[in-house]
Amino acid sequence: MKKRAVLIPLTALVVVVACAAVYYFVLSAPAYRTVVLVDTSAPGNGLAQIADAVRSVAGNSGDSDALSVRRFGGECGSPGDTSEIADSPREVAQAVSALSPAGKATMIDGVMAAIDDFSGLLTRSGKVRNRIVVITTSGVDACSKDPAGARKAIDYHLTEKGLELDLRVVGFQLPQDQRDALAQFAGTSNAAYADKMDDLKVVLDKLVVPDSPDASPISLTSPEPEPSYAFVTSNRLGVVRGTKVVAETSGEFTSANDVRYSVDGHFVFAVTPTGIATIDVRSGTARVIQCGGCRDAVAAGGGVISWLADNVVTTIDLADTTAKPKSGVTVLPDRKVDEASNVYPLRILAGKDGNTLVSAPDGVSAYGGGAENLYLARAGGQVVPLGTAQGNVAIYGTTISPDGRSAAYVSAGHAGACQTRSSVVLLNLATGAHEETPPVGDPKDDGSAVPDVWYDKDGVLNMIYTSWRCASSGGPQTSVTVPEGHWRLGNSGWTQRDPGSIGHTRQVAPGFRAILVRPDSQAFTQELFSEVKGTRTKISDEVIAIAVPS
């Protein structure tokens, strides 16, 4: 008996093959899949470094990791403003080497297309995690310029596709004023920043390699810049690294408004008649904060600075370029008025952890507003009286200890044009007790000055000190008895840090010092030098003051 051939309909065969294909793709789907989305918009700053970092991370991946690369950059709405350039690690090196900058930063179209790369029946979505990593040199999509709206559109597209994707965004060499927009789009915990290629490689390794946690925040933030210090002249506020001025801004500055660093060291600032001039130490970006004619500003914590608006402590976070000044709840005592109806202004002296030290002239002495009553304005609104400062001259150089328990200020007793004796006084912020530190120099000296006082990171109090003799009361200075130099306070009193070293010297980093030297003992301004490994380089003339981050 003849066997009959069994004929399988073509349609049934197609279904069988399709099912087998689906079964194969499901079984062979990788555990992890990542799409790296590269910004190739013009002018292409940092593109070569980005390409090198992507090559590096591809070299640490295998084909089984399902790494692909897509680019974005072009005309808004154009089909060619994004495209996939590699769909496996072995193709990445050649693909990124051929990248060239063009067009606008069409980041949203790139993300939308990258999402589509994960959708569809036969796509190789990861079974454990699917992630899109965006590397951008722009803080916002050039076509929408609405980070919040763009993120809503992305989330809607994900919902529409029925996908759960991990979206991370890395800003490479991104200016500070664009970072807020990027964080708003990505989410604060899903945004990272890198200024150097090596740091970008570290970030990408964290995000692309399979053992990267599925939903943990990106821990690597923008790398700290090289050590710096700041200086101010009558018309310049500048930042110095090594032997070069790396950023500066112009303004009208006086010795009453010394340059300062924010607590986190990311900003320098000084008060001008038009507002508070600030410089971002990382990016070099300068701007002016309107403060309503404030006289002084102090670091309050992190990137926050404070000043007085009338008798209310006002703050702003310099790290938030969209932030506006915020008035506190603390209302300080009314300002005194003299017989000529002149108002004695309150002065903000120092701040730490939300607490602010403020002085109020008592109206007895007309010389510089001293003596002064001191108050601690606490973050919750409480005002604590701290007694009256010593001396008959307005106090200056105030600094709060790292533990926040005490403050130090410079007290001066004025008797004549040449005869002003200065000393450093410790103030207990809990009890209000004032204690003068041991004297320095010869008791027969007619005058002395403390141009600067500060606590170092170890909590040790430091000062710059000098003293002199006068011809007579009100007469000229005849001789310097203790040249201007650096002193530290220990259990047995003040000791000179570098005996024989003359000038206002501040340690910036190991082997790196900033040094101010007066051309002569009567000079008001000073010459500024950077000393790196024993070699001095002149930075500027006519410098009023310097600051070093704590």
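Residues numbered from 1 in each chain as written. Predicted model: local features only at pLDDT ≥ 70, side-chain atom pairs only at ≥ 80, totals over all residues. Heavy atoms only, no water.

Remarks on the overall build of the protein
The helix and strand inventory of the protein stands at seven helices and 33 strands. For the protein, the proportion of contacts with a sequence separation of at least 24, taken over those separated by at least 6, is 53%. In the form shown here, the protein has an accessible surface area of approximately 25,700 Å², with 52% of it arising from carbon and sulfur atoms. (Helix = DSSP H or I, 4+ residues; strand = E, 2+ residues; numbered from the N terminus. Contact = heavy atoms within 4.5 Å. Areas by Shrake-Rupley, 256 points an atom, 1.4 Å probe, with all protein chains shown as cover.)

Considering the nonpolar core
Note on soluble globular proteins: their nonpolar side chains tend to be buried together. In terms of nonpolar packing, the biggest core is built from 27 residues, with Val36, Val38, Val54, Ile135, Leu200 and Leu204 touching the most fellow members. Elements that contribute at least two residues to this core include exactly β1 (32-39), α2 (47-59), β2 (67-72), α3 (89-97), β4 (129-136), β5 (166-172), β6 (191-194) and α7 (197-208). Looking at this core, the element that brings in the most residues is α2, giving seven residues. Those residues in contact with valine 54 that lie beyond four places of it in its chain are Val36, Val38, Val69, Val92, Val96, Ile135 and Leu204. Among the nonpolar cores identified, the runner-up in size contains 26 residues, and Leu37, Ile154, Leu167 and Ala186 belong to it. (Core = buried A, V, L, I, M, F, W, Y, C linked by side-chain atoms within 4.5 Å. Buried < 20%, exposed > 50% of the residue type's maximum accessible area, 1.4 Å probe, protein only.)

Thoughts on the environment of arginine 168
Here arginine 168 is to be found in strand β5. For arginine 168, a relative accessible area of 2% corresponds to the buried category. Reaching out from arginine 168, the side chain makes a polar contact with the side chain of asparagine 190 at a distance of 3.3 Å. (Polar contact = N/O pair within 3.5 Å; in protein donor to acceptor, adjacent residues only side chain to side chain.)

Topic: the sheet that holds strand β22 (residues 396-400)
Taking strand neighbours across the sheet as the criterion, the four strands line up as β22-β23-β24-β25 in an open arrangement whose pairing is antiparallel. If you trace the sheet from one side to the other, it starts and ends with β22 and β25 (434-436), each paired once. Put simply, the sheet's adjacent strands are angled 30 degrees from each other on average, direction ignored. Where strand β24 (residues 420-428) lies against β25, three bridges are found, and the strand directions are antiparallel. Its bridge partner being in β25, valine 425 is matched across the sheet by glutamate 436. (Pairing = 2+ DSSP bridges. Axes fitted to C-alpha atoms, helices over the stretch in contact; angles between N-to-C directions.)

A closer look at the pattern of salt bridges
Scanning all chains against the criterion turns up 20 salt bridges. Glutamate 248 serves as the salt-bridge partner of arginine 236, at 2.9 Å between the closest nitrogen and oxygen. Residue arginine 236 is found in strand β8 (residues 236-241), and its partner glutamate 248 is found in strand β9 (residues 244-250); the two are separated by 12 residues along the sequence. Residue glutamate 248 is classed as partly exposed on the basis of its relative accessible area, which comes to 42%. A salt bridge links glutamate 484 to arginine 518, with the nearest nitrogen and oxygen atoms 3.4 Å apart. Placement of the pair is glutamate 484 in strand β28 (residues 477-490) and arginine 518 in the loop between β31 (512-517) and β32 (526-532), with a sequence separation of 34 residues. Overall, the relative accessible area of 10% leaves glutamate 484 in the buried class. (Salt bridge = Lys/Arg side-chain N within 4 Å of Asp/Glu carboxyl O.)

Observations concerning the packing of aromatic side chains
Under the definition given, this model contains two aromatic pairs. A centroid spacing of 6.4 Å and a plane angle of 75 degrees characterise the contact between tyrosine 465 and tryptophan 487, whose relative ring orientation is edge-to-face. Of the two residues, tyrosine 465 sits in strand β27 (residues 461-470) while tryptophan 487 sits in strand β28, which places them 22 residues apart along the sequence. The exposure class of tyrosine 465 is buried, given its relative accessible area of 3%. Looking at tryptophan 487, the relative accessible area reads 12%, which means it is buried. (Phe/Tyr/Trp six-rings, centres within 6.5 Å; stacked < 30°, edge-to-face > 60°.)

Section: the sheet that holds strand β26 (residues 447-455)
Read from one edge to the other, the open sheet built from four strands follows the order β26-β27-β28-β29, with strand pairing classed as antiparallel. Only two strands of the sheet have a single partner each, and these edge strands are β26 and β29 (493-496). Direction aside, neighbouring strands of the sheet carry axes that sit 30 degrees apart on average. Alignment of β27 against β28, held across eight bridges, turns out to be antiparallel. Bridged to asparagine 462 within β28 is arginine 488.

Here's the deal with the state of the cysteines
Applying the stated criterion to the full structure yields three disulfides. In this model, cysteine 76 is linked to cysteine 143 through a disulfide, with the two sulfur atoms separated by 2.0 Å. Classification of the bridge connecting cysteine 76 and cysteine 143 rests on its S-S torsion, roughly -90 degrees, and on that basis the disulfide is left-handed. Pair noted here: cysteine 76 is in the loop between β2 and β3 (82-86) and cysteine 143 is in the loop between β4 and α5 (147-161), with a separation of 67 residues, a long-range link. For cysteine 143, a relative accessible area of 35% puts it in the partly exposed group. Between the sulfur atoms of cysteine 418 and its disulfide partner cysteine 470 the distance amounts to 1.9 Å. Every disulfide takes its handedness from the sign of the S-S torsion; for cysteine 418 and cysteine 470 that torsion is -85 degrees, giving left-handed. Here cysteine 418, found in the loop between β23 (406-414) and β24, pairs with cysteine 470, found in strand β27; they are 52 residues apart in sequence, far enough to count as distant. Overall, cysteine 418 belongs to the buried group, its relative accessible area being 6%. Given the relative accessible area of 10%, cysteine 470 is considered buried. In the protein, the bonded cysteines, taken in the order they occur along the sequence, pair up as 1-2, 3-4, 5-6. (Disulfide = S-S within 2.5 Å.)

Topic: the pairing of strand β16 (residues 312-317)
Looking at chain direction, strand β15 (residues 304-309) and β16 are connected through six bridges and run antiparallel. Its bridge partner being in β16, valine 304 is matched across the sheet by aspartate 317. Between β15 and β16, which pair antiparallel in sequence order, lie two residues; one of them, aspartate 310, sits at a positive phi of approximately 60 degrees.

Describing unusual backbone geometry
That bond from alanine 42 to proline 43 is cis: its omega, 10 degrees, falls within 30 degrees of zero. Looking at the secondary structure, you find proline 43 in the loop between β1 and α2. Positive phi outside glycine occurs at glutamine 173, with the angle close to 50 degrees. Among the structural elements, glutamine 173 can be located in the loop between β5 and α6 (179-186). Since its relative accessible area comes to 33%, glutamine 173 is described here as partly exposed. Of note in the backbone geometry, aspartate 353 takes a positive phi value of approximately 55 degrees without being a glycine. Note on placement: aspartate 353 falls in the loop between β18 (347-352) and β19 (355-361).

Digging into α7
For α7, spanning 12 residues, the distance from its first C-alpha to its last is 16 Å, which sits close to the expected 16 Å at 1.5 Å a residue. For α7, the complete set of buried residues consists of Leu200, Val203, Leu204, Leu207 and Val208. Summarising the axial view, the buried residues of α7 lie within an arc of 115 degrees, below the 170-degree limit, and thus occupy one face. Those residues of α7 that are buried lie in contact with β1, α2, β2, β4, β5 and β6. (Expected span 1.5 Å × (residues − 1). Arc of directions from axis to C-beta.)

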